[in-house]
Every structure is written in structure tokens, then in C-alpha cells.
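Residue strings, one per chain:
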Amino acid sequence: MTPPEIPMPTTNRRLRWLLALPKLGIVLLLAALLSLLWLLHRNEIEEERSALIKDVLWLEQNLRFHLASNEEQLEQLALEMGTLPDAERLFRLRASHMLRNTPEISQILWLTPQAMVVDALPTAHLPDEEIETFGPTAGRRAFDMARRLGKRVYSEPFFLEGNRAFIEVLIPVFQRRQLHGMLVAIYPLDTLLADQVPWWFTAKYKVELVDDNNTQYASKTNITGNGDQSYEIPFDPPGYGLRLRVTSYRTPDNSLQRLLVGAILVLGTGVFWSLWLVRKLMKKHNQAEEALRAEHAFRSAMEDSLTVGMRARNLEGRVIYVNPAFCRMTGFSRDELVDRVPPMPYWAPEHLAATYAMHDAVLAGAAPEDGFEITFVRKNGERFHALVYEAKLIDGNGQHTGWMASVLDITERKRAEELARQQQAQLQFTSRLVTMGEMASTLAHELNQPLAAIASYNTGCLNLINQGDNNLDNIKPALEKLGAQAQRAGKIIRRVHDFVRRSEPKRAPCALADVIDDCMGFIEPDARKQQIRIDTDIPALPDILADRVLLEQVLLNLIRNGMDAMNDTPPGERQLQISALCDGPEIRISVSDQGCGISPEIRDQLFTAFFTTKPAGMGIGLSICRSIIEFHRGRLWAEANHTTTDGHGTIFHFTLPLESS
Ligand code: ADP
């Protein structure tokens, strides 16, 4: 698992630029789309306008054509009325014919040069108002002008019948170059528009006739609403400032366009929104990346500073990661280790089977929780001891993906431990020699007895032989006793030999009573000499797992210390007791004396090496005793002996766990 290489950070400025570019693009695209729509709209308006102008011109032409054709007919009638004899009949015939064919003309009048009505169609009797028109009104003014000019004249528009607007066309009738009368055709302007403006025109436009003051005279449309644009042209003639105004109406159904604009805006907003989300996401991503980078830097620093080797393997046992400390420890580079499968190059060939077994145990999840020791080999062939702790490798999803081992090079520690152990053993040995030295004179005395007995039995036997006593039955008991004494002497020597022999501590089942018996064998002569009574109170106990010699050494030390402490105790009270009892999961052995006791000042230093209050003491006895007892997983401590009458004396207790037996 090589730590992933994290790319160099994208700077915030670059990121902002990267984010700004699509935004700019979207803005430009939106602007381009809206401009396109605006241009299309403009184009449409332009087209509409030119269509409007075209239509207006067409309409004006159409109206003018109609009016001109009506003028022609009326002029023809006026001409014929001036030349042909039966003018009344002609007027009636033609006027009725015209009224039938030109519905936009509401009435045709024949007036005298004095503006008196000669005849009129469709009504013979004119309504008063219409006659009035030829008073001081628009009609009258037009009449006068036509009479004066002698040609056709259109009147100004005027309102009659409430708000209906009219215009008149006046054609003078000449008879032999004399004004004979006047033909007047009346156009109601609304009818003119109604008849002459086609339906399709009014479906698109509103057609109005207005004057310069914006007074509306007539209009026609089939649509409602507000006009979009309008176009005006002078309607002159008939004229007098009359204008034809056509207003176009936008087709109300431009929903598609609106839909399009709406869609563009919605899409634009959507894109902006998604960009904003992306920005937020990228910011978060950036922050996470920052955190990851910091974490990575922290981890790398930690890894580099670690002196503990780290090695990760996947579930198949393939190495997926090693840290620099592990590489330093083994001497192999990361590339030489990563991706390797067993046997690993750092496995010691001589321990291959054991290493394989441990490897399989680790993969099976059965590695010892408190770590295990193993011997590895460096690249240069050097062996080293490693303490390995294995733990599950869990990935980000909580999946068990392998095993992570922390590896400690404990070669130095082991060497130091071994040295300390050797020194301790040496010290123990020395201490035993010292103990033995202290007991040497008594032991010599002890040994002297069987040797003296052997000598005397030997002398007795020789005497019998010299006396010529051939009775072997007399010599045999002496020889048997001699043998027994030799055995006794041999036992003493063997015991001494066993005690002082240098050997590796080895725990084996042994009976506590036997160990105490052996001790008594050593100590009894001295005790006798010092008038000390030693009582033992050892119940029947199961065998304990202990190194017999070391246990003897502890007991002898404690007994000798107790005896030394009783130097000033009156001889009658010099009593030492050795007892043992089962105390839950352990055996507690106590050695109590009635000696001087331990003062509070020295209590704390009792177990310190080389602390002694004795002139010839070495001060290592108790410290060795404690380390021996701790080697046996027990405890050693001292307390005042309160069982004595005057409260003097000390009890040394030590425990040995029963489960070790
Ligand atoms: P040493 O016997 O050579 O002095 P030890 O380590 O055995 O060394 O004892 C250290 C000291 O502890 C002794 O000098 C003595 O002062 C004290 N001590 C040990 N056992 C007893 C005891 N039973 N009563 C009183 N003092 C004791």
C-alpha cells in the first residue's frame, strides 16, 4: 500500500478561473440567444411594418380606385344630364343603378345651382338635416367651391345622424356651358370602409379615417386589443386633411416565442444553478483535498519519524506496504519488499518452518494478541530479534483487507536482558557461594562426624583383622555402619555440590517439604550452635513448579537472616518458625523470627542490592531472593512479627502461584 501521490494543489485562483470560464460561456451563450431573439423580433417588426405599408398603399389605392370610378360614373351622368333631353328620367335611372351597384354611396342628390334639391335617391324627400347640409356647412362650402371651380369637389367630412361621419362628392352639371345643377353623392365613411375594406384586412388591421386633430370619422376592425404599430397616409382626395390610418395588431399567439424565451431563461438559470452546485462541490472537494494533504503530510512525517517498523499485508499475505523504519531494520528497500509473497527475503532460513507457521497463524487471525518474538535476517545476513504485533487492517468502508504489523527490533534489548540475566545468575551463584562459605565451618564439622565414624569403624575392622578374627559376621556390621557413614558424608557433599553448582534456572515439580528438609540439613548444625529452635509447620501440599536450588537459596537466606537477627535475643527465646499455607490460588511460605525487627528507616531499603546493616554482610541476599521469587511469579515482602510477646521480630512472606504447579 504505497501512499497515494497527491497532485500539487490547484491554486484557488486557477480554480476560480476554471469555474468562471463556463459561467462566462453560459452568459455569452444566453446573451447571444437573447440577441438572436431580439434581432428576430426586430426583423419581424420590420417585416410587419413593410407589409403594413404595402397593405395600406393597396387599400388606399383600392379606395381611391372605387371613388374615382364613382366619380367617373357621376361625371358621365352629369355630362349626359347637361346634353340629353330627359334629364329627370336619366338621373333616376342612373342614380338608382349606381346606388344598387355602389353600396358605399348612401344617397345621390341633384341640386339646382342655388342648392335646392331637384331630385334625390334613394329618398325623394330628404331629411331636413341633409338639406341643412347645404346651409353654411361643409356641404355648402364644397357646393360653392364646385360651382366656382366648375369641377368635382369633395366636401370636408362632417358628422350627421349622431356621430356618423360623411363626405360628399359634388359634380357640377353644365348645360351649354352654364351651370345647370349639381350632382351630390353622399358617402357615409363607415359604410365606405365597411364595403371597401376586405375582411382579411380587418382581421389583421384596424382601419381608421382621422383628421389632423386625431378626430376619428370611421373605423373598421375585427380585432381587439392594443395596436402594435400604425401607418398613416393622406386620404386626399377626398381630402381636406383626412388621413387613412391603419394599425396592425400582433398576432396574440406568440406563446411559442415566449415559451422559447422562457425555456432559454429556465435553462440558463438551471445551468447557473448547476454551476453553482458544482462550485460548491468543488469547494468541498478542495477542502477535503486540503485536509487529505495535511493528513498525508502528517502521516508521512509520523511514518518517517517512527522507529517502529510497519508492514501491511493483504489477506493473501502479499506485502502491500512497508514504512522507512521497516526498510532500515531489514536493510531491504521498499521496492524489494512491496508486492512480495512468502517466503520473505528477511525470513531467517533456519527458522523457515516456524516463521511459515506464524505467518499462517497471523493470516488465520490467530496471532498472539500480546505480540510474538521472531528472528529475522537483515539483507547483510545479520540476524535480529523482532517483537511483532499484528492488527487487522480495516479500510474506509470497514472492510477487513489485511494485516498491519508493528515490528520492534529487540536485539539490543534481548542482549541487555541476557546480560542482566547472566549477571543476576552470577550474583545468585556468588551469593550461594557466600552462603556456603558462611556455613563452611559448620559443614566441615558436620562432615567431620561421619568421617570420624568411618575412621573409627575402619580402625575397629582393621583391629579385628589384625587379631586374626576371621569371623566375618563380626566385621560385617562394622563395614555396614562404615558404608552408612560414608553415604551420610557423601550426601552432605552432594548437597553442597548441588547447592553451589552453576546451572540454568529450571523449574520442575518439587515437594516443598523436601526443599525445607534439605534446608534444615544445611542449617541445623548452625542453629544448634546458636541455640536456635527451628519449628516447621508444613501441611500436605501439592507439588509446586519451581527451581529447587533457587527455592532453597531463598529459604536459606531468609532463615539465616532470621537467625542473624536473633543474635541479641535471649537464648531461650530464639525461635524461628517456617510455615506454609494455601492462600487461594497461591501458596504462602512464611519465615518468622523473634529477632531485632526492622526499623522504619531501613524498611524501604531492605530489598535494595548491597544494602546491609551487618559488618560482614554483602547486602545482596534479599534483592536476589526477590528476583528469584518474581522469576517464579510470586511476591516477597516483610512485616513485623506481632505474634511474639514483646512485639519483636520479623516475618518474611513469599508466595508461589499454585497454577504453576
Ligand atoms: P545481608 O544479610 O548480607 O545483610 P540481606 O539482603 O539478606 O543482606 O539483608 C539486608 C538487611 O536486611 C540486613 O543487613 C538486615 O539489616 C536486614 N534484615 C534482613 N532480614 C532481617 C530480619 N529477619 N530481621 C531484621 N533485619 C533483617
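Along every chain, residues carry numbers that run from 1 in the direction the sequence is written. Residue-level local features of this predicted model are given only where pLDDT is at least 70; pairs of side-chain atoms are given and counted only at 80 or more, and the full residue set underlies all totals for whole chains, interfaces and linings. For the side-chain quantities, the full set of heavy atoms in the structure was used; hydrogens and water were omitted.

Trainee: Whenever I open this one, the overall build of the chain confuses me. Can you help?
Mentor: Think of it this way: any DSSP run of H or I at least four residues long counts as a helix, any run of E at least two long counts as a strand, and we number them from the N terminus. Across its full length, the chain holds 16 helices and 22 strands. Using C-alpha atoms as the atom set, the radius of gyration is obtained and then compared with a globule rule of 2.2 Å times the number of residues to the power 0.38. The C-alpha atoms of the chain give a radius of gyration of 70 Å, which is well past the 26 Å a tight globule of 661 residues would have. Relative to its 661 residues, the chain shows a buried fraction of 40%. Of the roughly 36,700 Å² of accessible surface on the chain, a fraction of 56% belongs to carbon and sulfur atoms. Here Asp and Glu are counted as negative and Lys and Arg as positive; His is not counted, and neither are the chain ends. Positions of charges follow a simple convention, taking NZ of Lys, CZ of Arg, CG of Asp or CD of Glu. Averaging the positions of the 71 positive and the 82 negative side-chain charges in the chain gives two centres separated by 4 Å. Exposure is judged per residue with a 1.4 Å probe applied to protein chains only, and the accessible area is read against the type maximum: over 50% gives exposed, under 20% gives buried, and values in between give partly exposed. In short, Shrake-Rupley with a 1.4 Å probe defines the accessible areas, and a residue's cover is counted only from the protein chains shown.

Trainee: Just to check I follow, could you spell out the sheet that holds strand β14 (residues 383-394) for this structure?
Mentor: Within a sheet, neighbouring strands are paired by backbone hydrogen bonds and run either parallel or antiparallel to one another. Read from one edge of the open sheet, five strands run β12-β11-β15-β14-β13, paired in antiparallel fashion. The sheet terminates laterally at β12 (319-322) and β13 (372-377), the two strands that pair on one side only. For this sheet the average axis-to-axis angle between neighbouring strands, irrespective of direction, equals 35°. Relative to strand β15 (residues 400-409), strand β11 (residues 309-314) is paired through six bridges, and the arrangement is antiparallel. In the strand pairing of β15, Ala312 is matched with Met404. Here a residue-residue contact requires only that any non-hydrogen atoms of the pair lie within 4.5 Å. Inter-axis angles, ranging from 0 to 180 degrees, are taken between N-to-C directions of lines fitted to C-alpha atoms, where helices are fitted over the stretch in contact. Docked against the sheet, helix α10 (residues 352-363) engages β11, β13, β14 and β15, running at close to 130° with respect to β13. DSSP calls a pair of strands paired once it identifies at least 2 bridges connecting them.

Trainee: I would appreciate a short explanation of unusual backbone geometry in the present structure.
Mentor: Most peptide bonds take the trans configuration, and most residues that are not glycine carry a negative phi. Following Leu121, the chain continues to Pro122 via a peptide bond in cis, the omega torsion being 0°. With respect to the helices and strands, the residue Pro122 is situated in the loop between β2 (117-121) and α3 (128-132). Put simply, Pro342 and Pro343 share a cis peptide bond, and its omega is 0°. Within the secondary structure layout, Pro343 lies in the loop between α9 (334-337) and α10. The backbone of Asp339 shows a phi angle near 80°, a positive value even though the residue is not glycine.

Trainee: What is the right way to read the packing of aromatic side chains from this model?
Mentor: Aromatic ring pairs: the centre-centre distance and the angle between the two ring planes describe each pair. Note on aromatic pairs: the rings of Phe, Tyr and Trp (six-membered ring only in Trp) are paired at centre separations within 6.5 Å, and the planes decide the class, stacked below 30 degrees, edge-to-face beyond 60, tilted for the rest. Inspection of every chain in the model, using the stated rule, returns 10 aromatic pairs. Between Phe326 and Tyr346, the ring centres sit 5.2 Å apart and the planes meet at 85°, which makes this aromatic pair edge-to-face. On the criterion of sequence distance, the pair formed by Phe326 in helix α8 (residues 324-330) and Tyr346 in the loop between α9 and α10 is long-range, its members being 20 residues apart. The class for Phe326 is buried, based on a relative accessible area of 1%. For Tyr346, a relative accessible area of 1% gives the class buried. Grouped by ring-pair contacts, the aromatic residues Trp58, Trp200, Phe201 and Tyr205 constitute a single cluster. The rule is short: NZ of Lys or CZ of Arg within 6 Å of the ring centre and within 35 degrees of the ring normal puts a charge over the ring. Between Arg626 and the ring centre of Phe607, over which it is positioned, the NZ or CZ distance is 3.9 Å.

Trainee: Would you mind going over the pattern of salt bridges with me for this structure?
Mentor: A side chain of one charge can pair with a side chain of the opposite charge if their charged atoms are brought near each other. In what follows, salt bridge is the name for a side-chain nitrogen of Lys or Arg lying within 4 Å of a carboxyl oxygen of Asp or Glu. Across all of its chains, the model carries 33 salt bridges by this definition. Between Asp583 and Arg588 there is a salt bridge, with the nearest N and O atoms lying 3.7 Å from each other. Counted as one network, the salt bridges with shared partners bring together Lys206, Glu208, Glu232, Arg243 and Arg245.

Trainee: Before we go on, may I ask you to explain the packing of helix α12 (residues 472-500) against helix α13 (residues 512-529) in this structure?
Mentor: To describe two helices that pack against each other, one gives the angle between their axes and the distance between the axes. One way to put it is that α12 packs onto α13 with a least axis distance of 11 Å and a crossing angle of 110°. By the angle between their directions, the pair α12 and α13 is classed as roughly perpendicular. Of α13, the residues touching α12 (which contributes Arg495, Val496 and Phe499) are Asp518, Gly521 and Phe522. Amino acids are sorted into nonpolar (Ala, Val, Leu, Ile, Met, Phe, Trp, Tyr, Cys and Pro), charged (Asp, Glu, Lys and Arg) and polar (every other residue, Gly among them). For the contact of α12 with α13, the class distribution of residues is three nonpolar, one polar and two charged. If an angle is under 35 degrees, it is roughly parallel; if it is over 145, roughly antiparallel; if it lies from 65 to 115, roughly perpendicular; otherwise it is oblique.

Trainee: So what exactly am I meant to see when it comes to the site of the ligand here?
Mentor: Any residue with a non-hydrogen atom lying within 4 Å of a molecule or strand is treated as near it. Residues in contact with the ligand amount to 21 residues; listed here are only the nearest, Asn561, Asp593, Thr612, Thr613 and Lys614. Contact between the ligand and Asp593: a nitrogen atom at 2.9 Å from a side-chain N or O atom of the residue. Between Gly621 and the ligand, the recorded distance is 3.3 Å, taken from a backbone N or O atom to an oxygen atom. Starting from 530 Å² of accessible surface for the ligand in isolation, the protein chains cover 93%. Every element with two or more residues in the shell around the ligand is listed here: α14 (548-565), α16 (621-631) and β22 (650-657). Element by element, the count of residues in the shell around the ligand is highest for α14, at four residues. The residue inventory of the shell around the ligand, partitioned by class, reads nine nonpolar, 10 polar and two charged. Counted as a polar contact is a pair of N or O atoms within 3.5 Å, where, for protein atoms, one must be capable of donating a hydrogen and the other of accepting one, and residues adjacent in sequence contribute only when both atoms are in side chains.

Trainee: Help me out: how do you make sense of the confidence of the model for the chain in this one?
Mentor: Scored from 0 to 100, pLDDT records how confident the predictor is in each individual residue. On average, residues of the chain score 85 in pLDDT, and 93% of them are at 70 or above. The model gives residues 1-9 a pLDDT under 50, and that stretch makes 15 contacts with residues more than four places away or in other chains.

Trainee: What am I meant to see in α10 here?
Mentor: A helix's residues, less one, multiplied by 1.5 Å, set its expected span. A rise of 1.5 Å per residue sets the reference length of α10, with its 12 residues, at 16 Å; its end C-alpha atoms lie 16 Å apart and thus fit the reference within 8%. For α10, the complete set of buried residues consists of Thr355, His359 and Val362. Axial view of α10: buried residues confined to an arc of 60°, hence all on one face. In α10, those exposed residues whose orientation departs by more than 90 degrees from the buried face are Ala353 and Ala354. Gly365 sits one or two positions beyond α10 and adopts a positive phi of about 80°. The directions considered for the arc are those from the helix axis to the C-beta atoms.

Trainee: Just to check I follow, could you spell out the nonpolar core for this structure?
Mentor: Burial of nonpolar side chains together is a common tendency in soluble globular proteins. With 53 residues, the main nonpolar core has Ile534, Ile559, Leu576, Phe652 and Phe654 as its most contacted residues. Ile105, Leu121, Leu192 and Ile233 belong to the second-largest nonpolar core, a separate cluster that totals 43 residues. Side-chain atoms within 4.5 Å link the members of a nonpolar core, which is a set of buried Ala, Val, Leu, Ile, Met, Phe, Trp, Tyr and Cys residues.

Trainee: How should the sheet that holds strand β7 (residues 205-210) be read in this particular structure?
Mentor: Taken in spatial order, the four strands of this open sheet run β8-β7-β10-β9, and their pairing is antiparallel. Single-partner strands in this sheet number two, and they are β8 (216-220) and β9 (229-234). Mean inter-strand twist for the sheet, computed between neighbouring axes without regard to direction, equals 20°. Taken together, the six bridges between β9 and strand β10 (residues 243-248) define a ladder with antiparallel strand orientation. The residue bridging Pro234 from the neighbouring strand is Arg243, located in β10. The sheet contacts of helix α5 (residues 189-196) involve β7 and β8, and relative to β8 the element is tilted by about 25°.

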